[in-house]
Amino acid sequence: MDIKISNVSKSFEKKEVIKDITFTIPSGEICCLLGPSGSGKTTLIRLMIGAIAADTGHIQLANIKMPNLKMLKKIGYMPQNDALYDDLSAESNLRFFGGLYQLSKSKLEQRVKEVLELVDLTEHRKKLIRNFSGGMKKRLSLAASILHQPDVLFLDEPTVGIDPVLRRTIWDQFQEIKKSGTTIIVSTHVMDEVTECDKAALIYNGSLIEYDSVEKLLKKTNTGRVEELFLMASSRGGVVK
Ligand SMILES: Nc1ncnc2c1ncn2[C@@H]1O[C@H](COP(=O)(O)OP(=O)(O)OP(=O)(O)O)[C@@H](O)[C@H]1O
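For the chain, an unreviewed UniProt entry supplies the name ABC transporter ATP-binding protein and the organism Neobacillus thermocopriae.

So this is what it looks like as structure tokens:
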């Protein structure tokens, strides 16, 4: 499912936090959103999933204008802060989310089993979330976001607080999900994650300052190093043409 963002602007309390952004994410690609804290990445994701509406411009997922309730079943969203129920077990959390997506009972049980295996939490499925570590919560959030096999998956800083070994495992899972044709949008501050992506959108102070394949963006830098992309995203003046 491709995503077209056309001249989108959004203000909160008269402060414009997304400024006339236009770009298209092709179907089946992984696109990362890079930018310093407060640059507007989460707001852009919330606009794309239809959680909030743009003030001007529009967003289309597979040619359907957002927000659109019917699209919810096709979207997976892993928020920055885990939206899990502390007093429920891992599998009860998944069943709850599966109910929201209106999966049939048999499909739900099959998917709960599959996603728990994928994120390596099968043996912890009966544990309450309040007894989970941060990394386990992240993995369960990921499992919840892919339970209904979405066509497009939005991941807001999915590996914050996760050790490098687990991060590698999680990225292997993203690459597997991509192979099934799912489009993935991920916001990140982690250097090595950028090279896992097909394209990168550099966002600074609510504006899109660069959008291209990671390969081409790296060629535009002086050093060819990912660090420089972060510097580009952190300072408009740092853009190398
Ligand atoms: N609901 C809201 N009401 C008012 N201001 C908001 C709201 N949501 C976001 N903002 C403001 O919009 C700007 C962009 O925030 P956003 O969370 O999108 O940035 P971000 O790039 O995701 O940051 P981070 O990397 O720290 O998560 C910030 O100045 C933030 O304070």
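Continuing now.
Participant: In this structure, what is going on with the environment of Gln102? I would like to understand it.
Facilitator: With respect to the helices, strands and loops of the structure, Gln102 is situated in the loop between α2 (90-100) and α3 (105-118). By C-beta crowding, Gln102 is classed as exposed, having 10 other C-beta atoms within 10 Å.

Participant: When you look at helix α1 (residues 41-49) in this model, what are you seeing that I'm missing?
Facilitator: For an α-helix, the turn length of 3.6 residues means that residues three or four places apart are oriented alike. Inspection of α1 places Lys41, Leu44, Ile45, Leu47, Met48 and Ile49 among the buried residues, and these make up the whole buried set. Gly50 sits one or two positions beyond α1 and adopts a positive phi of about 85 degrees.

Participant: Just to check I follow, could you spell out the packing of α2 against helix α4 (residues 134-146) for this structure?
Facilitator: Describing two packed helices takes the angle between their axes plus the distance from one axis to the other. As a packed pair, α2 and α4 sit with axes 9 Å apart at the nearest point and diverge in direction by 30 degrees. Of the possible angle classes, the one that applies to α2 and α4 is roughly parallel. Relative to α4, the crossing made by α2 is right-handed. Contact with α2, carried on its side by Ala90, Asn93, Leu94 and Phe97, involves Leu140, Ala143 and Ala144 of α4 and no other residues of that element.

Participant: In this structure, what is going on with the UniProt feature "domain: ABC transporter" (unreviewed entry) in the chain? I would like to understand it.
Facilitator: In the numbering adopted here, UniProt assigns the feature "domain: ABC transporter" (unreviewed entry) to residues 3-230. With 35% helix and 27% strand, residues 3-230 has its two end C-alpha atoms placed 24 Å apart.

Participant: What is the right way to look at the pairing of strand β7 (residues 152-156) in this model?
Facilitator: Looking along a regular strand, one sees side chains alternate from face to face of the sheet. For β7, the buried fraction is high: five of the five residues fall into the buried class. What you see with β7 is no split at all: Val152, Phe154 and Asp156 on one side and Leu153 and Leu155 on the other are buried throughout. Pairing of strand β6 (residues 75-78) with β7, which is carried by four bridges, proceeds in the parallel orientation. Bridge pairing in β7 links Gly76 to Leu153. Two elements, β7 and strand β8 (residues 183-187), share five bridges in a ladder whose sense is parallel. Within the sheet, the bridge partner assigned to Phe154 lies in β8 and is Ile185. Since β7 and β8 lie parallel, the crossover through helix α5 (residues 164-179) that links them has a hand, and here it is right-handed.

Participant: Where do I start with the pairing of strand β4 (residues 56-61) in this structure?
Facilitator: Two strands pair when backbone bridges link them, and strand β1 (residues 3-12) and β4 are joined in this way by five bridges, in the antiparallel orientation. Across the sheet, the residue bridging to Ser6 is His58, located in β4. In the sheet, β4 pairs with strand β5 (residues 64-65) via two bridges, with the strands oriented antiparallel. Within β5, the residue paired with Gln60 across the bridge is Lys65. Linking β4 back to β5 in an antiparallel pair, the connection comprises two residues, with Ala62 at a positive phi of about 50 degrees.

Participant: What exactly am I supposed to notice about the site of the ligand here?
Facilitator: Contacts to the ligand come from Phe12, Glu13, Val17, Gly35, Ser37, Gly38, Ser39, Gly40, Lys41, Thr42 and Thr43. No other element matches the three residues that α1 contributes to the shell around the ligand. Its residues assigned to classes, the shell around the ligand comprises two nonpolar, seven polar and two charged.

Thresholds applied
Residues numbered from 1 in each chain as written. Predicted model: local features only at pLDDT ≥ 70, side-chain atom pairs only at ≥ 80, totals over all residues. Helix = DSSP H or I, 4+ residues; strand = E, 2+ residues; numbered from the N terminus. Buried ≥ 20, exposed ≤ 12 C-beta atoms within 10 Å, placed from the backbone. Axes fitted to C-alpha atoms, helices over the stretch in contact; angles between N-to-C directions. Parallel < 35°, antiparallel > 145°, perpendicular 65-115°, else oblique. Left-handed = near helix turned anticlockwise from the far one by under 90°. Contact = placed C-beta atoms within 7 Å. UniProt positions renumbered as here; feature names shortened; annotations may be inferred. Pairing = 2+ DSSP bridges. Right-handed = clockwise from strand over helix to strand, strands pointing away. Near = placed C-beta within 6 Å. Nonpolar A, V, L, I, M, F, W, Y, C, P; charged D, E, K, R; others polar.

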